[in-house]
Every structure is written in C-alpha cells, then in structure tokens.
Amino acid sequence: MQQIIIYIFKNSTKVLFLLLFTIALVLTIQNHSYHRSSVINSANRVSGGVYEKVNAVNEYFLLKSENEALAAENARLKSLLFNQSDSLVHDTKKKWNELMYEVTRCKVIQNNYNTFNNILTLNAGKKLGVEPEMGVINHQGIIGIVEKTSNNYATVVSILNTKNQINSKVKHSNHFGIISWNGKNTGYVQITDLPRLATVKKGDTIVTSQSLYFPEGIPIGAIDKIYTDNKTNYYTVDVRLFNDMTNLGYVYVIKNYHKQEIENLQKESILK
C-alpha cells in the first residue's frame, strides 16, 4: 500500500492529467448526443464481436448433442416413412406394436473395409432392441446386416463382405437381382443374376426389394457398367454405391416386426 502511495506522489502530474481527462471525456459523452452515440455504437460492435465468438465456441461444443438429436429425429421419421408401405392397411388409429418396422439409431465405432469379409461394430445391442438379422442403413443407403449382438454392442456383416447377399431391384421396374461384392473395389458391388429381359442402362438406380431385413426402396447405388454373357440369360452389372463405406458415422438399425411370421410361413412351404 505504501509503495502505491509513493508511486502516486512521484507521478502526481500524470495521475492528475488522466483523472481530469477522464472527467472531461465523461462530461463530453454525457452532454453531446453525437459523441454518446459513437461511443455506444463502438461498444456494441466490440461486445457484439465478443458475443459472436463466444456463441461460435458454444455451438462447436454443442455439435455432438445436436448431431445426436438430429440422428434420433431421423430415426423417428424413417420409422414413419417405412410404415407407409402399400402392404399395410392405412389406419390412423394403428398402434405402434402393430406397425411393421421400427428404427433404432446408433453409431459405427469400428469399420473394416480392407478385407474380403468386412465387419462393422455398432455402439448398440440387446438393451436397445438390436438383434441378429436386422438391416442397417444410413441416410445414403444400405450398410449391411446385423450378425451378432451383446448387451451394448453389435457386429454387422458389411455390404462389402463377399459372403453377404442382399435382395435388390431396378428402381423403375420390378426386375430383381441379388447384390453381392466381388472383393475388388470398395466403391462398387455387383448384380450377377439380373435377367437380360430387363431394360437397364447406365445411371439407373438400384434399390432394395422388400425382404426380411429391409423395406422396399432403400437406395443402394447406380448402375455403372453392364456386361452381357451370351452363355446365360443374365446381365452382370457393376453398381456404384451411394455410400462411402470407408467413412461411416450414425446409422439406423431396422427391426421388421413381421420377420418371424414370414420365416415360419416360408419354412412350412419348404417342408411341404
């Protein structure tokens, strides 16, 4: 405290000048509207810039929760969309447990794409209702089919797995084929049994046909090349995937409530 007093005495002239200058500045601002508005505008610009930067930082740290909220909302909307199938009786009083599909959102926490039999891992399992043989998609198209589950995790047989086969069709027609992967390029899958009676061309969209795993119409990719084999009645088609399978985040697991009923009926037909 004594040092402060000594400093003030030594610099009394400067201290007095600053004090008088401050008083004069305050009086000028208070008594002249132009100066007052200029100061206020300058202060607003500074504070506005500060608030903008603070808000940007806050938004950055809130991105994770915002993304999770959006993913959850997308799952709800997809459930509504899938349950508008023509195969369902449209009844506004239909209860949830009478619907055909339920969608659960989760996230890919491990993604393999550099082997012949690629597997993904999801951060959702039995506790969230995820079970084997459920389809997995994202906003761009199909990802694969759930293989095994634990309480909190699930593994998925990727579409980039040479053992995986998925029912598909040409979007603009009812010509069906089986999607599989030849193990060569992570951006392409193949259809080897598309009948040559089908009218197809490069750029045609390939989607899922209705199956135990997927609703009808989930995007898969677009036809890139068509090969004709004169020894068979089928085309071999290269399909360019809509999904970048090397870059996956949030995904949606699809539960088909009618799956068991369909399987039981098919088993009975086979036994007969």
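Residues numbered from 1 in each chain as written. Predicted model: local features only at pLDDT ≥ 70, side-chain atom pairs only at ≥ 80, totals over all residues. Heavy atoms only, no water.

Strand-to-strand pairing in sheets goes through backbone hydrogen bonds, with the strands running parallel or antiparallel. If you walk around this closed barrel you meet the 6 strands as β1-β2-β5-β4-β3-β12, and the pairing is antiparallel. Taken pair by pair, the neighbouring strands of this sheet meet at an average axis angle of 45 degrees, ignoring direction. Bridge count for strand β1 (residues 101-111) against strand β2 (residues 117-122) is 3 bridges, and the pairing is antiparallel. Paired with Gln110 across the two strands is Thr121, which belongs to β2. (Pairing = 2+ DSSP bridges. Helix = DSSP H or I, 4+ residues; strand = E, 2+ residues; numbered from the N terminus. Axes fitted to C-alpha atoms, helices over the stretch in contact; angles between N-to-C directions.)

As for its position among the elements, Thr205 is in strand β9 (residues 205-208). Not counting residues within four places of it along the chain, the set of residues in contact with Thr205 comprises Lys169, Val170, Lys171, Gly221, Ala222 and Phe242. (Contact = heavy atoms within 4.5 Å.)

The next point concerns the pairing of β1. Successive residues of a regular strand alternate their side chains across the two faces of the sheet. Bridging between β1 and strand β12 (residues 250-256) involves 7 bridges; their strand directions are antiparallel. Paired with Lys107 across the strands is Tyr250, a residue of β12. Remark: 5 residues form the turn of the hairpin made by β1 and β2, two consecutive strands paired antiparallel.

Let us now look at the side chain of Ser180. Its location among the elements puts Ser180 in strand β7 (residues 176-180). Setting aside anything within four residues of it in sequence, one finds Ser180 in contact with Asn164, Gln165, Val189 and Gln190.

Our next topic: the packing of aromatic side chains. Taken as a whole and assessed by the stated rule, the structure comprises 0 aromatic pairs. Lying over the aromatic face of Tyr250, Lys107 brings its terminal NZ or CZ to 5.4 Å of the ring centre. (Phe/Tyr/Trp six-rings, centres within 6.5 Å; stacked < 30°, edge-to-face > 60°. Lys NZ or Arg CZ within 6 Å of the ring centre and 35° of its normal.)

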